Amino acid sequence: MKRAYLQTDDDIAARASAPGDAAIAVVRTAGPGSIERLARVFSRPGILLAAPSHQAVYGRIVGPGKRPVDEVLALVFRAPAGYTGQDGVDVLCHGGQTVVDAVMETLTAVGFQRALPGEFTFRAFINGKLDLARAEAVDELVKARTAGARGNALARLGGELSRRLELLHRELVRLAAACALRLDYGEDESPEDFLDERAALAAVRDGCANLAATYRVGRLLRDGARVVIAGRTNAGKSSLFNCLLKQERAIVSSQPGTTRDYVEAVLDLDGFPVTLIDTAGLRDSADLVEGEGMRRSRLLCEAADLVLYVVDAVAGLEVGDQAFLSEVQRPLLAVWNKLDNSAAGAAPADGRRWLGLSALDGQGESALVAALRTALVGMPAAGEALPDPDGLAITSDRQRQALLRAVAALDDALGLLGSGAIDQPEGVAETAFVHAGFGLDMVAVDIQAALAALGELSGETTSADILDALFSSFCVGK
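To keep things clear, this report deals only with the structure shown in the data block. (Residues numbered from 1 in each chain as written. Predicted model: local features only at pLDDT ≥ 70, side-chain atom pairs only at ≥ 80, totals over all residues. Heavy atoms only, no water.)

**Here's the deal with the nonpolar core**
Side chains of nonpolar character tend, in soluble globular proteins, to be buried together. Quick reminder of the rule: To form a nonpolar core, buried Ala, Val, Leu, Ile, Met, Phe, Trp, Tyr and Cys residues must be joined to one another through side-chain atoms within 4.5 Å. Accessibility here uses a 1.4 Å probe with only protein chains present; expressed as a share of the type maximum, an area under 20% marks a residue as buried, one over 50% as exposed, and anything in between as partly exposed. For helices the rule is a DSSP run of H or I covering at least 4 residues; for strands it is a run of E covering at least 2, with both sets numbered from the N terminus onward. In what follows, a contact means two residues having at least one pair of non-hydrogen atoms within 4.5 Å.
Ranked by size, the top nonpolar core spans 40 residues in total, and within it Leu-172, Leu-201, Leu-403, Val-443, Ile-447 and Leu-454 carry the most contacts. Looking at this core, the elements that each hand over two or more residues are α7 (160–184), α8 (198–213), α14 (397–416) and α16 (440–458). Sequence-distant contacts of Ile-447, defined by excluding residues within four places in its chain, comprise Leu-172, Leu-175, Ala-176, Phe-194 and Leu-201. Core analysis: the second largest hydrophobic core is formed by 33 residues, Leu-244, Leu-269, Leu-333 and Leu-372 among them.

**Notes on the environment of Ala-124**
Mapped onto the fold, Ala-124 is located in helix α4 (residues 119–126). Using a relative accessible area of 0% as the deciding quantity, one classes Ala-124 as buried. Measuring from C-alpha to C-alpha, the distance between Ala-124 and Gly-82 comes to 8.8 Å, with 42 residues separating the pair along the chain. Leaving out residues up to four positions away in the same chain, Ala-124 has contacts with Tyr-83, Thr-84, Lys-129 and Leu-130.

**As for the packing of aromatic side chains**
Using the following cut-off: Note on aromatic pairs: the rings of Phe, Tyr and Trp (six-membered ring only in Trp) are paired at centre separations within 6.5 Å, and the planes decide the class, stacked below 30 degrees, edge-to-face beyond 60, tilted for the rest.
For the coordinates displayed, the defined rule picks out five aromatic pairs. Each ring, one from Phe-122 and one from Phe-471, has its centre 5.3 Å from the other, and the planes form 90°; the classification is edge-to-face. A residue pair is termed long-range when its members are at least 10 positions apart, and Phe-122 in helix α4 and Phe-471 in helix α17 (residues 464–471) qualify at 349 residues. The exposure class of Phe-122 is buried, given its relative accessible area of 1%. Centre to centre, the rings of Phe-471 and Phe-474 are 5.2 Å apart; their planes meet at 40°, and the pair counts as tilted. Note on Phe-471: relative accessible area 0%, which makes it buried.

**Structural notes on the pairing of strand β1 (residues 12–15)**
On a regular strand, each side chain points to the face opposite its neighbour's, so the side chains alternate between the two faces of the sheet. Operational definition: In this analysis, strands are considered paired if DSSP registers two or more bridges between them.
Along β1, one buried face is formed by Ile-12 and Ala-14 and the opposite face, lined by Ala-13 and Arg-15, is buried too. Judged from the four bridges that link them, β1 and strand β2 (residues 24–30) form a sheet pairing that is antiparallel. Bridged to Ala-14 within β2 is Arg-28. Where β1 lies against strand β6 (residues 113–114), two bridges are found, and the strand directions are parallel. Bridge assignment links Ile-12 to a residue of β6, and that residue is Gln-113.

**Topic: helix α6 (residues 147–157)**
Put simply, the rule is: Along the arc lie the directions from the helix axis toward the C-beta atoms.
Three or more residues of α6 are buried, namely Ala-149, Asn-152, Ala-153 and Arg-156. Buried residues in α6, looked at end-on, bunch into an arc of 95°, giving them a common side. Buried residues along α6 sit against α5 (132–143), α7 and α9 (215–223). At the C-terminal side of α6, Gly-159 shows a positive phi close to 100°.

And the structure:
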């Protein structure tokens, strides 16, 4: 029978360190009976059972007939002080794969279940050690590819996003209570007019919108971007590739068609992980291998987040360049390369912004990197809020959609309160409209909808199916 995350009474075990040979590996266990169960295969069971939380005990994992499996340190955690909120033991063993396999086989032989992906963090969430926003940050911290991604995940794991959501949630609860009070008591008995709360409601709405707007940056920090360098043969694509990476990664030659397939590498662009791809040069060629490389180049451009199209400033803008620039459907930066050459001409005055560059000596590189970063991060659309100024960014579309639902609900509420989004009945004064109950009951419904949306972010109102899908994407052992 397939195990489920909600079977939290099972004692579970999994390797928590990366696979492969290493000096030390960590096998993590958790569950209400995990310490007692581990003691059955530990050479010093009495000392292990008596150990207080956060104490390390030296001993051996032993198999049938007390046969030694490995010498280990057992780090004991007692509920509720451990990571999961349950009893647990982290077993530090030698890091060879056969050693870890033998330890895991010994643990499963005494009844430990193999942990599901993310099951330890799921238990931390269920037991109130982490809210859902912090739990999601755990997985992103493990998978962070740049310092920027690590810093953003660490800030959210530390509770920065949760604190902001709590402030918004607390203010909405206050507004919901004020609305309920106005509905419960008549106009003459109400101490305040709820119309005075429009500014507070608008502030919560803007706070949700500002957080939602950070998704553009957060998604880039988490997933990175694919940037394809394209252009005709000998335009300097491979030189630009090496220039940006600060290493001789691609072969550079004056012979046309040197790059016949694509070459890729990961670039840390001011904290953003970028997969940079050097492609085969575009030209007319009867060579079948080179032709296949060019076909792949076009396919890569079609799937890219951004295309860097490089033109040889000495040869100038040719017909093939103009055809590509007019046909490409992806965001593009045009690069006018080889400015170090005295024969280089001026960039075309075709209304396009050309970035002057010498990939050989680095002239214009800083301006190109700045333009590349701006193109990837993007500028806000009309009417959209700027990303959060201190850099905190949400990273999942689930979070973004929940925030946008809260914004939509609060927009409806503000419209009912006379902000202009929804017209009140003709001939009814604004205060009379609300006092007479034409809209205040619907305002209460909208506020509750916004509260439910924020609850999805913290996990208060998140369905079991969503939780299963979210935690199943974690690595095993975390």
